Each structure stands twice: as structure tokens, then as C-alpha cells.
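These are the residues of each chain, in order.
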Amino acid sequence: MFQGLVRYVPAAKGSAVRGAVYPRRSLVLVTGVPGAGKSTLLRRLFGLDGDERRPVLTADGVRVIDSLQSRYQLGSLLGRVPYPLWRWVVHVLHLAQVAAALRGGPVVVHECGTRRPVRVLLSVLCRLRRYEVHVLMIDATPQEARSGQEARGRRVTERSHRMHSLRWRRLRAATLHGPAAFAPGARSLLALDRRRARELAWIRFGPCADTRGPLHTAAGAPSAQVEPVMSDTS
């Protein structure tokens, strides 16, 4: 049975504030093509400055890891070398920091998600560390992603953009069959377009009793509010 992990908390004026609740021992992958808005979402929800050089541990015990942290950390050493020559080192360091962060508390990771070997590796790491994998997809169109790249001042090559977009379309189609199509063993998948990603107000971790408001399943919540969230828990 597919269940939703979206929870609504009444605001002061009776409107609904949208958020997502996950178990404490979770790895939440915030995915999307370059320019989709992953880093922007992490900065807004977890109070990042955007220029950190190390993973951030929030006051709530959440470790937040953005690939930009690895790039900035290495930039001070390799900044005079053309970035394409050491991009792979950034990826390796990013994955190493994710592996090191799986020490019991919740982890939120910036990951484009278009490389299957990386998704499989993260799934294996979580299985070894007894973590649950949850996926939050920011589904941007190629045009939106290009605009996002230009806004942040870092534009990938046209070839890279096409490859990411092609892989993303295939991945998005595959995940209609459930979270495990994204990564083996993934427990839930929340797909948001850019507008709905901007409306996401918070992400929390802990048992249901730790947060306010009713938990809605994807089938039972009002269709005008709930997003397609799939989980293999019953």
C-alpha cells in the first residue's frame, strides 16, 4: 500500500502550512537537474548561508550536505585549475561526506539524482548503516532549469544540460512505479514542481507524536492540497 508522508499544520489564520515528516534515521535526497532549485530549498528550509565549506549540523540535529560545500572547500586549493579538471574530485568528496554523516541522525543531501551508480551507492550505504532513503524531487522543465542556472551565475554546458534533462525525463517516468525505481529500497518519493517546492514550509524528523497536525495518506488527503507521495510502508 502506498502512503503519503505529507503533514499539514494549521497556521494562525486557519490556512495550511505544508511540510514533510520523516523518521529520524533517514537520508532525504533533494534531487533535480542543475538549476532546479535544490540549493535554494536547502538554504530556505535549514538556514544555510550558501557559502559553507563543510556540511552543516542544525540545532535540531539535522546534517545538511550540499555539493557546493565540497566545491568551495576544494576551490581554495584548486581554484586556479580549470574546474572541469577537478569536478570529479568534488563528486568524490561529496559522497564521502554523505557516508561520514550517516551516524544515526537525519541527513538531507543535495543530489541531482541523474546518475544511477550514485543512487545505487547511496542505497547500499544506507542499507549498511540502517537508514531509510526518502526522495524529494524538484521537477523543473529544461527552460526553468536554464533560468535557475543563469540566476545563480553557474551555467552547465549545453551538452551536460541535455544529458541531465534526458536522464531526468526517463527517471521521472520510471518513478511513477514507486520510490524504488529511483533508488533500490527507497521508502518514499515526493515530487514537486518549482512552484510547489517554494511552498514547502518545513521538513521535520521524528515520530508522528513529535509534530502537530494530522497525517494524510496520498489517497485520503484533499486532492487540491496533497502532492504525490509514495511509500512502500503499509
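Just so it is clear, the structure is predicted and the values come from calculations on it, not from any experiment.

Asker: I'd like to hear about unusual backbone geometry, residue by residue, with values.
Answerer: Apart from glycine, the bulk of residues carry a negative phi angle, and the bulk of peptide bonds sit in the trans form. Positive phi outside glycine occurs at Arg 130, with the angle close to 60°. Residue position: Arg 130 is located in the loop between helix H4 (116–129) and strand E7 (132–139). When its relative accessible area of 71% is taken as the criterion, Arg 130 is described as exposed.

Asker: Go over the packing of aromatic side chains with me, naming the residues and quoting the values.
Answerer: Within this structure, the stated rule accounts for two aromatic pairs. Taking the centre distance of 6.0 Å and the plane angle of 35° together, the rings of Tyr 22 and Phe 205 count as tilted. Here Tyr 22 is found in strand E2 (residues 16–22), whereas its partner Phe 205 is found in strand E9 (residues 202–205), with 183 residues between them in sequence. Since its relative accessible area comes to 2%, Tyr 22 is described here as buried. Between Tyr 83 and Trp 86, the aromatic rings sit 4.9 Å apart at their centres with planes inclined by 90°, giving edge-to-face as the arrangement. In this pair, Tyr 83 and Trp 86 both sit in helix H3 (residues 83–101), three residues apart, roughly one turn of the helix. The ring of Tyr 83 carries the charged tip of Arg 71 above its face, separated from the ring centre by 3.7 Å.

Conventions adopted
Residues numbered from 1 in each chain as written. Predicted model: local features only at pLDDT ≥ 70, side-chain atom pairs only at ≥ 80, totals over all residues. Heavy atoms only, no water. Helix = DSSP H or I, 4+ residues; strand = E, 2+ residues; numbered from the N terminus. Buried < 20%, exposed > 50% of the residue type's maximum accessible area, 1.4 Å probe, protein only. Phe/Tyr/Trp six-rings, centres within 6.5 Å; stacked < 30°, edge-to-face > 60°. Lys NZ or Arg CZ within 6 Å of the ring centre and 35° of its normal.

Purely geometric numbers; function is a separate question.
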